[in-house]
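Descriptive analysis of the structure
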2 protein chains.
Amino acid sequence: MAQDNQAPIRIALLGAGTVGSQTARLLVEQHDELVHRIGRDYQIVGIATLDPVNDPWIDQSLLTRDTAELCTRADIVIELIGGIEPARTFVLKAIESGASVVTANKALLAKHGPEIYKAAQEHGVDIFFEAAVGGAIPIVRPLRESFAGDKVNSMLGIVNGTTNYILDEMTTKGLDFDVALHQAQEKGYAEADPTGDIEGYDAANKAAIMATLAFHTQVGIDDVSVEGITKITAADIAAATAEHKVIKLLAVVEHTEAGVSARVYPALIDENHPLASVHGSFNAVFIKAKEADDIMLYGRGAGGAPTASAVVGDVVMAARNIVSGTTATGIQTYNTLPLAPADASKAAFAVRFLIHDKPGVLASIAEEFANHGISINGVNQDLQPTQHDPGYSGELQQLRVVTHLCDEVTLRKTVDAVCKLECVSGEPSILRVLD
Amino acid sequence: MAQDNQAPIRIALLGAGTVGSQTARLLVEQHDELVHRIGRDYQIVGIATLDPVNDPWIDQSLLTRDTAELCTRADIVIELIGGIEPARTFVLKAIESGASVVTANKALLAKHGPEIYKAAQEHGVDIFFEAAVGGAIPIVRPLRESFAGDKVNSMLGIVNGTTNYILDEMTTKGLDFDVALHQAQEKGYAEADPTGDIEGYDAANKAAIMATLAFHTQVGIDDVSVEGITKITAADIAAATAEHKVIKLLAVVEHTEAGVSARVYPALIDENHPLASVHGSFNAVFIKAKEADDIMLYGRGAGGAPTASAVVGDVVMAARNIVSGTTATGIQTYNTLPLAPADASKAAFAVRFLIHDKPGVLASIAEEFANHGISINGVNQDLQPTQHDPGYSGELQQLRVVTHLCDEVTLRKTVDAVCKLECVSGEPSILRVLD
């Protein structure tokens, strides 16, 4: 920010992939309108990428492979490289050079957020990342600003489009997980290495960011308990459908008396629940605040243009702050809240066992639940098992137990005990049920 | 803002009604947490009200009847008086005295917004009003900030809880409008003088504010075309229900090639549309932006605590700006967009006529529509009229015509012509159909 007052604001773009290209397009296409909103002219001074780019919106003369050098000659650096390194190095370099940073990099913030927020505060620059959670949906800014007068108790949402698409396909077409994943990859909805999405890590990064913003305490990726969707079978989906439910991958962050928790898990949701109708690349987040009550924010969670919309919104805000010689209040983590112990959170669970159906099976299974102090809400033995169930042998019946609220630690102990019964076979399926 | 750097920020509250009392509660109850978020201590220096107040959260020693004087000794003035005058005088007084203003007063902003925004800019203070549209839902701030990098094409929403409650009651209990209104008044959901709500003026004020923020052009209350719900009959509701639709009062703002429009009208919505499940005091707003695509924001649109949540969020933001010696970018109306002419906007309409059923009726009505160039999408003669229809005589049949897209001016001319036919009796009912 050492530049002359009248000189255009210098913007550097790191990364020229889908979002980078769309960001460049918006900055070029909407130039006049954005200058109005900023109150000063701006120009893209460089686009750092290691690969050749052939894109009508990317000016070839701006391309550079020297990312570090580019970071030192910009007022605003837009980081769209993704991943931890070298993104972290360049973001810190930009901040140390006095540039405000706009990023969509959830992995970086969930891992090194505290270091980056601190550096930004020390160097008097902005760090904005609306696009890191929920794509185009305003989530980060409302949490930083709109709920500044309230107390957020919990947030719950669908924040990963890839898994949402796969679960949609499994539900509507009866596909098994591997087939649905393969199709998603062919259509470009899932990456060649889909681990980050399907194992829940992408959603976990977003959960860490949401919890940090909502509860004003540091929650990192290592604090998030993560369960992906790789174990979901066509049999799980069929059982859910039979009970008018759908399976969605949820990110859930809560602040209770026991402390703070951040979790990602697939859950059964009633088909009438608003989240049940969130399909494909759409995301939705519910916020429960003490005074505001329930808020739902819904929109495109991914895609080039929607993500670029959020990125450029942040660029305009950072530029306005440069014009008025100020910065937004940094990320505030004045609380030091403990992580809630794993058994502090209660949920209802639906467990499917494969059983050899003979008299007394239900009684012995019910007895194990009773012995562990877990009360049963309902039992369903109508559903037929399929060859999609691990351990299926063609002679087995399916028994589905839905519990009342209990903690996961006790639930898993109970399921282990049940699985040791002679009448039980194969792998059980365990899913949370959203109330 | 002439005060000492270390002195607590001085907050004045104008009005001690439901929202005022809840705002005072939050400022007292959450004092320590809010001081963390602001970065400086604050104190309530006065509460202006003309009536005696008996409320545990209102400190009697702070009460004053001299509102103008209070405005001169505060850093932040919270205006919760409502209405145009004297609110306008006090808000301007506060701004001229160097105080930032937080208000929930939609009528004031829809009428005198430009004067107030200009005064705030001239005196270097903030004017925040998140609570003026959609209560606790973050709408104003996302429009001012999150969509700064995008182009909003339209907004559409349910923004008035009173009419939403009345229409809900009419739908679920089959009540006629007058009865539902009376019950809403008895339960405190509608005011003794309900005109502002039921005639659509409250929603119109919000539409004017939404259009101004979304399109960066001045749209005032007089630019909004308004139709309330007073003409909706139990017969309209019954006809809607029979066709799996509900009637909702919508605020709709659009930016098309013809210009800008802001409208409030009751419309038929498919029962599967997300807005159909927005009940009671909940509000919801859809935003259609060029890059971000569809966004939906949903939450409590009214009520003491939710509204106070938005008010205090604004107070914290204004206080942070005072601490860092800055202000947010003012309300930007750099566009001078024309109002779209009334016939520029096309919609599908559902028109119910009361007819003397004899051969040739449908033909002659259809001919009038054809003569006016309006194409008919469907006709329904199954529905029975009721004594709720104006002009009902017990011998009449009901004929419902749903048009393809047409403009309202031509539609109304057509309906007038149809009503002059001998076979048509009573008052027709005209409703838009949301596509």
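Residues numbered from 1 in each chain as written. Chains lettered and ligands numbered in written order. Predicted model: local features only at pLDDT ≥ 70, side-chain atom pairs only at ≥ 80, totals over all residues. Heavy atoms only, no water.

1. With respect to the interface of chain B and chain A
In this assembly, 49 residues from chain B lie in contact with 49 residues from chain A. Here chain B packs against chain A, burying approximately 4,300 Å² in sum over the two surfaces, 47% of which is carbon and sulfur. By the criterion of area lost to chain A, the three top residues of chain B are Arg37, Glu291 and Tyr334 of chain B, representing 15% of everything that side buries. Linking chain B with chain A are 10 salt bridges. Arg25 of chain A is the partner of Glu291 of chain B in a salt bridge, and the nearest nitrogen-oxygen pair spans 2.5 Å. Summed over the shared surface of chain B and chain A, the number is 29 residue pairs in polar contact (both at pLDDT 80 or more). (Contact = heavy atoms within 4.5 Å. Buried area = accessible area lost by both parts, 1.4 Å probe. Salt bridge = Lys/Arg side-chain N within 4 Å of Asp/Glu carboxyl O. Polar contact = N/O pair within 3.5 Å; in protein donor to acceptor, adjacent residues only side chain to side chain.)

2. Description of the domain arrangement of chain A
Segmentation of chain A into domains returns domain 1 (9–135 + 304–323), domain 2 (140–300) and domain 3 (342–433). Between the C-alpha centres of domain 1 of chain A and domain 3 of chain A the distance comes to 50 Å. (Domains from an automatic or database assignment.)

3. A word on the pattern of salt bridges
By the definition in use, this model includes 48 salt bridges over all chains. Here Lys206 of chain B and Asp202 of chain B are joined by a salt bridge, their closest N and O atoms 2.8 Å apart. Of the two residues, Lys206 of chain B and Asp202 of chain B are both situated in helix α10 (residues 201–215); the distance of four residues between them amounts to about one turn of the helix. The same class applies to Lys206 of chain B as to Asp202 of chain B, namely buried. A cluster of three or more residues bridged by salt bridges with shared partners is formed by Arg25 and Glu29 of chain A together with Lys290 and Glu291 of chain B. (Helix = DSSP H or I, 4+ residues; strand = E, 2+ residues; numbered from the N terminus. Buried < 20%, exposed > 50% of the residue type's maximum accessible area, 1.4 Å probe, protein only.)

4. Things to note about helix α12 (residues 304–323) of chain B
All names here are of chain B. Counted at 1.5 Å a residue, the expected span for α12 with its 20 residues is 28 Å, and the 28 Å between its end C-alpha atoms agrees. In terms of residue burial, α12 counts as a mostly covered element, since 19 of its 20 residues are buried. Gly325 occupies a position one or two residues after α12 and carries a positive phi of about 65°. (Expected span 1.5 Å × (residues − 1).)

5. Quick notes on the UniProt feature "binding site: NADPH" (unreviewed entry) in chain A
All names here are of chain A. The UniProt entry lists Lys106 under the feature "binding site: NADPH" (unreviewed entry), expressed in the numbering used here. Judged by relative accessible area, Lys106 falls into the partly exposed class, the value being 23%. Aside from chain neighbours lying at most four places away, what touches Lys106 is Ala132, Asp202, Asn205, Lys206 and Ile209. (UniProt positions renumbered as here; feature names shortened; annotations may be inferred.)

6. Overview of the sheet that holds strand β6 (residues 127–128) of chain A
All names here are of chain A. Reading across from one edge, β3-β2-β1-β4-β5-β6 is the order of the six strands in this open sheet, with parallel pairing throughout. Each end of this open sheet is capped by a strand with a single partner; those strands are β3 (63–64) and β6. Across the face of the sheet, helix α12 (residues 304–323) comes into contact with β1 (9–14), β4 (76–79), β5 (100–103) and β6 while running at roughly 160° to β4. (Pairing = 2+ DSSP bridges. Axes fitted to C-alpha atoms, helices over the stretch in contact; angles between N-to-C directions.)

7. So, the relation of the copies chain B and chain A
Once turned by 180° and shifted 0.0 Å along the axis, chain B lies on chain A with an RMSD of 0.0 Å. Such a turn and shift between the copies fits a two-fold axis. For chain B, the residue whose C-alpha comes nearest the rotation axis is Leu297 of chain B, separated from it by 2.4 Å. When the interface residues of chain B are mapped onto chain A, 100% of them again fall at the interface, so both copies present the same face. (Least-squares fit on C-alpha atoms with pLDDT ≥ 70 in both.)

8. A closer look at the environment of Ala214 of chain A
Residues and elements named next belong to chain A. The topology assignment puts Ala214 in helix α10 (residues 201–215). Counting along the chain gives 118 residues from Ala214 to Gln332, while the straight-line C-alpha distance between them is 9.9 Å. Setting aside anything within four residues of it in sequence, one finds Ala214 in contact with Leu143, Val152 and Met155.

9. Considering the packing of aromatic side chains
Counting across every chain of the model gives eight aromatic pairs over all chains. Summarising the aromatic geometry, the rings of Phe353 of chain A and Phe369 of chain A are spaced 6.4 Å apart at their centres and angled 75° between planes, so their arrangement reads as edge-to-face. A residue pair is termed long-range when its members are at least 10 positions apart, and Phe353 of chain A in strand β13 (residues 346–355) and Phe369 of chain A in helix α13 (residues 361–371) qualify at 16 residues. Side by side, Phe353 of chain A and Phe369 of chain A carry an identical accessibility label, which is buried. Between Tyr165 of chain B and Tyr189 of chain B, the aromatic rings sit 4.4 Å apart at their centres with planes inclined by 55°, giving tilted as the arrangement. Of this pair, Tyr165 of chain B sits in helix α7 (residues 161–173) while Tyr189 of chain B is found in the loop between α8 (177–186) and α9 (195–198), placing the two residues 24 residues apart along the sequence. Under the relative-accessibility criterion, Tyr165 of chain B is labelled buried at 12%. A residue is classified by how much of its surface remains accessible, and Tyr189 of chain B, at 46% relative accessible area, is partly exposed. It is Arg141 of chain B that lies over the ring of Phe128 of chain B; its NZ or CZ is 5.4 Å from the centre. (Phe/Tyr/Trp six-rings, centres within 6.5 Å; stacked < 30°, edge-to-face > 60°. Lys NZ or Arg CZ within 6 Å of the ring centre and 35° of its normal.)

10. Here's the deal with the UniProt feature "binding site: L-homoserine" (unreviewed entry) in chain A
Residue and element names in this part refer to chain A. When the UniProt feature table is mapped onto this chain numbering, "binding site: L-homoserine" (unreviewed entry) sits at Glu191. Along the chain, Glu191 falls in the loop between α8 (177–186) and α9 (195–198). Among the residues examined, Glu191 registers a relative accessible area of 54% and is labelled exposed. With near-sequence residues (within four places) excluded, Glu191 lies in contact with Gln185 and Asp197.

11. Focus on the environment of Ile232 of chain A
All names here are of chain A. Mapped onto the secondary structure, Ile232 falls in the loop between β8 (225–226) and α11 (234–242). Look at Ile232 and you get buried, because its relative accessible area is 5%. Setting aside residues up to four positions removed in sequence, Ile232 forms contacts with Leu167, Met170, Asp176, Phe177, Ile237, Ile247, Pro266 and Leu431.

12. Overview of unusual backbone geometry
Leaving glycine aside, a negative phi is the common case for residues, and trans is the common case for peptide bonds. In this chain, Glu85 of chain A is followed by Pro86 of chain A through a cis amide linkage whose omega measures 10°. Its identity as a non-glycine residue notwithstanding, His244 of chain B has a phi of 55°, on the positive side. For His244 of chain B, the position within the fold is in the loop between α11 (234–242) and β9 (245–256). In this structure His244 of chain B comes out as partly exposed when scored by relative accessible area, which is 48%.

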